[in-house]
Amino acid sequence: MTQHDPAKSDMGESDLAALISRAVTGRGLPPVETWNPDHCGDIDMRIAADGTWFYQGTPIGRERLVRLFSTVLRKDEDGQTYLVTPVEKVVVHIEDAPFLAVEMSATMRDGHEVLTFRTNVGDLVEAGPEHPIRFEATEPDGALKPYLHVRGRLEALVTRALTYDLVERAVTEDVNGKATICLRSAGAVFPIMPAADLAAG
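Residues numbered from 1 in each chain as written. Predicted model: local features only at pLDDT ≥ 70, side-chain atom pairs only at ≥ 80, totals over all residues. Heavy atoms only, no water.

Go over the layout of surface pockets with me, naming the residues and quoting the values.
Its boundaries defined by the atoms lining it, the largest pocket holds a volume of some 430 Å³. Lining of the largest pocket is provided by 18 residues; of these, Ala143, Leu144, Lys145, Arg160 and Thr163 occupy positions nearest its centre. Mapped by element, the contributors of at least two residues to the lining of the largest pocket are strand E11 (144-151), strand E12 (154-158), helix H3 (160-168) and strand E15 (188-194). No other element matches the 4 residues that H3 contributes to the lining of the largest pocket. Residues of the lining of the largest pocket, tallied by class, amount to 12 nonpolar, 3 polar and 3 charged. Taken as a whole, the second largest pocket encloses approximately 220 Å³ of empty space. (1 Å grid on protein atoms, 1.4 Å probe; cavity = no way out; pocket = protein on both sides within 12 Å on 5 of 7 lines; lining within 4 Å. Points joined across faces, edges and corners; volume = space filled by probe spheres on them. Helix = DSSP H or I, 4+ residues; strand = E, 2+ residues; numbered from the N terminus. Nonpolar A, V, L, I, M, F, W, Y, C, P; charged D, E, K, R; others polar.)

Describe in detail the sheet that holds E15, supporting the description with residues and values.
Read across the open sheet, the 3 strands follow the order E13-E14-E15; overall the sheet is antiparallel. The open sheet has two edge strands with one neighbour each: strand E13 (171-175) and E15. With strand direction ignored, the average angle separating the axes of adjacent strands in the sheet is 55 degrees. Strand direction decides the pairing type here: E13 and strand E14 (residues 178-185), joined by 5 bridges, are antiparallel. Within E14, the residue paired with Val175 across the bridge is Lys178. (Pairing = 2+ DSSP bridges. Axes fitted to C-alpha atoms, helices over the stretch in contact; angles between N-to-C directions.)

What follows is the structure, given as structure tokens:
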């Protein structure tokens, strides 16, 4: 894993917001995957497991600012998540996932149910082949936590309330010759657990 300079950046929240505002122009998400800036250290920014953003230990209360920051998040091959502009890259510490999936709607299209999620920062993501859902068992109780791919290497943790809705929609499918509890959306199948594990529980 790449080792980063532990020195703190002297960039403040307002300085970073101004820099990002200049970099983010027009509609749509900025092309952060194409930017290659220098790493500028750590400004003590953190996203808590409940989706709250913190800067130097204080929650960022301005929703518009959080949404602006969220548009330039990028997770790199080193496993670290950054705020990225064309000229700056600073570390963001992630407790669980950078986003939360907080709302879900179900519609029918071409004979398939399509699940569309809204994240806590306003992204609309349609679960399907390009945006899979994966399920991870937590320790030590083995409770399932679903994660929805949003963009790049970034995921949204599906809230517990929505997780119950997903489980209610689950069906049993044959996956590699084994009966598996799965979720379907837009024609894609997302395994949850072996059916035998559910029966054993």
